[in-house]
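Per-entry structural report
These are the residues of each chain, in order.
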Amino acid sequence: MTEMPYTPTDVERDALSRIRTCLGPKGWVDDAETLTPWLIDSRRVYEGRCLGMARPANTQEVAEILAIAYKAGLQIVPQGGNTGRVGGATPDTTGRQLLLNLGRMNSVRDVDAANYTMTVEAGCILKDLQGVAEQADRLFPLSLGAEGSCQIGGNLASNAGGINVVRYGNARDLVLGLEVVLPDGRIWSGLRRLRKDNTGYDLKQIFLGSEGTLGIITAAVLKLFPLPKERATALVAIADLDTAVTLLERARSASGDALMSFELMPGFALDWAEKYVEGAKQPFDTTYDWTILMEIGGPRTDGAARIALESLLESAFEDGLVIDAVLPQSEDQRAQIWFLREAIVEAQVREGAQVKHDVSVPVSQVPRFIREANAAVEEMMPGIRPYPFGHVGDGNIHYNLSQPIDMPAREFLGRYAELQHRVHDVALSLDGSISAEHGIGRSKRDELLRCKSAVELDMMRSLKTLFDPKGLMNPGKTIPDA
Ligand SMILES: Cc1cc2nc3c(=O)[nH]c(=O)nc-3n(C[C@H](O)[C@H](O)[C@H](O)COP(=O)(O)OP(=O)(O)OC[C@H]3O[C@@H](n4cnc5c(N)ncnc54)[C@H](O)[C@@H]3O)c2cc1C
C-alpha cells in the first residue's frame, strides 16, 4: 500500500516557503531520488519520510531555519554523514519532519598549530580533517571505519569513539569549544580555544553526545596533538582471552602510554575476512583463538617505537602470553593489516544474519564479559556463533552474534530483542554500558530505561525540556518517554 504524502498545514507551508527562500535553490532538496539515501539509516533498519532536506551554507542560515521552525512547530532531524548505527539521523515515517543536513558547512575556519587546535565547521568530513591536521604537522586522532563519509558534527553529536580512544579519548575529549544553534534559533558562540576555562558550567559537554536532541552543532574547536612520526604495529596471537588484559597493561607501561590502538579479533574472523572480502589476507598459517592488533606511536623516525614494541613482544613470548606475531615491514603491509581489521565487519555480514551489540565494561572485565555472554547466548540458542571484536583497549566490545548455520535468518532475527536483552544484562551486571560509542538514537532508546536510574532519567528529561521546550529537536530519539 502506498502511503499518502503528508499534507502540511498552512502554518507549516508558510514556514517551509520562508525556509526555502532563506536557503536558495542550492540549500533545499525535495526530489525523491536525491532524498532517498538520506531517509534510510546505515544499517538499513529504519526508513523515514520528510518534508524536505535543508542544506544550510552557514551558521546564520541554520539560525534562521531554526527560528522559523520553532515558531511554526516544525520538527527537525539533524543529519551529518548518515553513517550512525542507531537510527538517530533518520526521520520518522510521518513525513512531517524536516531533515537538516550540515554537509555544505565544510570550511576549516582556522588552524592554530602553536595552540594545537583547529576550528572547523560541522559538515567537514572526518578524513579530510585528519589530512588538514597532518599538513600542519599535527594529529587529529579521531579515527573510525566510516571516516571517509561521517562528518565532525555527527561525530561530536554522537560522541564517536573509534580506534585511538585508548590513547586520546572519545570525541568529547577532543573538543575545546563549540558553536551551537539552539532550537529557538539563538546562536551560542562558544568557540573558545582555551585549555583552562573554569567559568562555571562546561556547557559544551551537554551538547557533545546529545545526538541532535538539544541543538545543532555548527562548528567546533578541536584539539590537535603532535603527529607521530613512527607507528609500530603488530598483529599477535595471544595464549587466551585473559592474556589480552595483561598484554594491554604491559603495552601501556612499556610504551610510556604511547599505545594508540589495541583491537581484539577472534582468529576465525580473520579467516572469514579472507574468505569474503577481496584483498583481505590473513597472515597466520593457523587459526588462533584470539588475536590483537596493536599500534604504538613514536615522536621520531629513529625506530624507537618499533624497538619498544619488539622488546614488549619478546618478553610476552617468553612469558607465554603471545604465541605468534606478525610485524609489518612497510607502510603497505601495515595498511593491509588495518584493512583486515576493517574487513572483519563486512565478512560477518556476508556470513549471514547478525545481532549486534556495542557494549563496554571496565577493561579488566572484558574476558569475563565475553565468557559470560557466550555462555548466556549459547544456552538460549545452541549453535549461535558469537563474534566479539572491538576496541578492547578501552573496554569496548562489539559483541556480535552470527546465526546458527542451520537456522533460517528470519527465525534468528525474530529473537533479536531477546538476545540483545540478555547480552545487555551481562554487560550491566559487570558495571558496563549498553552503548559504548554508537549512542542511543532510536534503536536503544527503550533499553535506556533499564540502565539509567530514575534520577539520571529525570536530569536528562529536565535538560531536554530546558533547551527544547517544544520538543522539536530530533523527537523520538535518545530520551525515553516518561
Ligand atoms: C563502517 C562503519 C564503522 C563505524 N565505526 C565506528 C567506530 O569505530 N566508532 C564509533 O563511535 N562509531 C562508528 N560508526 C558509527 C558512525 O560512523 C559514527 O557514529 C559517526 O560519528 C556518525 O557521524 P555522521 O556524520 O554520519 O552522523 P549521522 O549518522 O548523520 O548522525 C548521528 C547523530 O548525530 C546527530 N547529528 C548529526 N550531525 C549533527 C549536528 N551537526 N548537530 C547536532 N546533531 C547532529 C544526528 O541527528 C544523529 O542523532 C561506524 C559506522 C560505520 C558505517
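Chains are numbered independently. Their residues run from 1 in the order of the written sequence. pLDDT decides what is reported in this predicted model: residues at 70 or higher carry local features, side-chain atom pairs at 80 or more are listed and counted, and totals for whole chains, interfaces and linings draw on all residues regardless. Values reported for side chains reflect all heavy atoms of the structure, with hydrogen atoms and water molecules removed beforehand.

Put simply, DSSP H or I for four residues or longer makes a helix, DSSP E for two residues or longer makes a strand, and each gets a number counted from the N terminus. Scanning the protein chain from N- to C-terminus turns up 16 helices and 19 strands. Both definitions apply: the radius of gyration is a C-alpha atom measure, and the globule rule equals 2.2 Å times residues to the power 0.38. Against the globule reference of 23 Å for 482 residues, the protein chain gives a C-alpha radius of gyration of 23 Å, in line with a compact fold. Along the three orthogonal principal directions, the C-alpha set of the protein chain runs to about 75 × 55 × 45 Å. Buried residues in the protein chain amount to 54% of all 482 residues. If you take every contact in the protein chain between residues at least 6 apart in sequence, the share linking residues at least 24 apart comes to 73%. Carbon together with sulfur atoms contributes 50% to the accessible area of the protein chain, which is approximately 20900 Å² in total. Exposure is judged per residue with a 1.4 Å probe applied to protein chains only, and the accessible area is read against the type maximum: over 50% gives exposed, under 20% gives buried, and values in between give partly exposed. We call two residues in contact when some of their heavy atoms are within 4.5 Å. Accessible surface is estimated by sampling points in the Shrake-Rupley manner with a 1.4 Å probe; for residues, cover comes only from the protein chains shown.

Right, let's get into the site of the ligand. Any residue with at least one heavy atom within 4 Å of a molecule or strand is counted as near it. In the vicinity of the ligand, 34 residues are found, and the nearest of them are Pro78, Gly80, Gly81, Thr83 and Gly84. With respect to the ligand, the backbone of Gly81 contributes an N or O atom lying 2.8 Å from an oxygen atom. The set of elements that each furnish at least two residues to the shell around the ligand consists of strand S3 (75-79), helix H5 (152-157) and strand S10 (216-223). Per-element tally for the shell around the ligand: the top contributor is H5, with four residues. The term polar contact refers here to a pair of N or O atoms within 3.5 Å; inside protein, the definition further demands a hydrogen-donor-capable atom paired with an acceptor-capable atom, and it admits residues adjacent in sequence only when both atoms are side-chain atoms.

Okay, the domain arrangement of the protein chain next. Domain start and stop positions are those given by an automatic or database domain assignment. Domain annotation of the protein chain identifies domain 1 (108-226) and domain 2 (230-429). Distance from the C-alpha centre of domain 1 to the C-alpha centre of domain 2: 28 Å. With nine residues of domain 1 at the contact, the number on the domain 2 side is 14 residues. Here domain 1 meets domain 2 over a buried area of about 930 Å², counting both sides, of which 57% is carbon and sulfur. Buried area, as used here, totals the accessible surface that two parts lose on assembly, with accessibility defined by a 1.4 Å probe and the loss added over both. When residues of domain 1 are sorted by the area they lose upon contact with domain 2, Ile163, Val166 and Arg167 head the list and together hold 65% of the total.

Attention now moves to the packing of helix H1 (residues 10-23) against helix H3 (residues 59-72). Interaxial angle, 0 to 180 degrees, is taken between N-to-C directions of lines fitted to C-alpha atoms, where a helix line uses only the stretch in contact. Look at H1 against H3: their axes get within 9 Å of each other, and the N-to-C directions meet at 175 degrees. Comparing the axis directions of H1 and H3 gives the class roughly antiparallel. Seen from H1, the contacting residues are Val11, Ala15, Arg18, Ile19, Cys22 and Leu23; seen from H3, they are Glu61, Glu64, Ile65, Ile68 and Ala72. The residue classification treats Ala, Val, Leu, Ile, Met, Phe, Trp, Tyr, Cys and Pro as nonpolar and Asp, Glu, Lys and Arg as charged. All others, Gly included, are polar. The class makeup of the residues in the contact of H1 with H3 is eight nonpolar, no polar and three charged. Just so you know how the angles are binned, under 35 degrees is roughly parallel, over 145 roughly antiparallel, 65 to 115 roughly perpendicular, and the rest oblique.

Our focus in this paragraph is the pattern of salt bridges. We count a salt bridge whenever a side-chain nitrogen from Lys or Arg sits within 4 Å of a carboxyl oxygen from Asp or Glu. For the coordinates displayed, the defined rule picks out 33 salt bridges. With a shortest N-O distance of 3.2 Å, Arg371 and Asp242 are connected by a salt bridge. Highlighted residues: Arg371 in helix H12 (residues 366-380) and Asp242 in helix H8 (residues 241-254), separated in sequence by 129 residues. Given the relative accessible area of 43%, Arg371 is considered partly exposed. Linked through salt bridges whose partners overlap, the residues forming this network are Arg231, Glu295, Glu331 and Arg334.

To continue, consider the sheet that holds strand S6 (residues 117-121). Between any two strands, at least two bridges found by DSSP are needed for them to pair. Read from one edge to the other, the open sheet built from five strands follows the order S5-S6-S10-S8-S9, with strand pairing classed as antiparallel. Either end of the sheet is taken by a strand with one partner, and the two such strands are strand S5 (108-112) and strand S9 (187-190). Strand-to-strand twist of the sheet, defined as the mean angle between neighbouring strand axes without regard to direction, takes the value 10 degrees. Sheet topology note: the strand S8 (residues 175-181)/S9 ladder contains four bridges and is antiparallel. In the strand pairing of S9, Leu178 is matched with Gly190. Sheet strands touched by H3: S5, S8, S9 and S10. Its angle to S8, the strand with the most contacts, is close to 45 degrees. Here helix H4 (residues 126-135) sits on the sheet and contacts S5, S6 and S10; the angle it forms with S6, its principal contact strand, is near 150 degrees.

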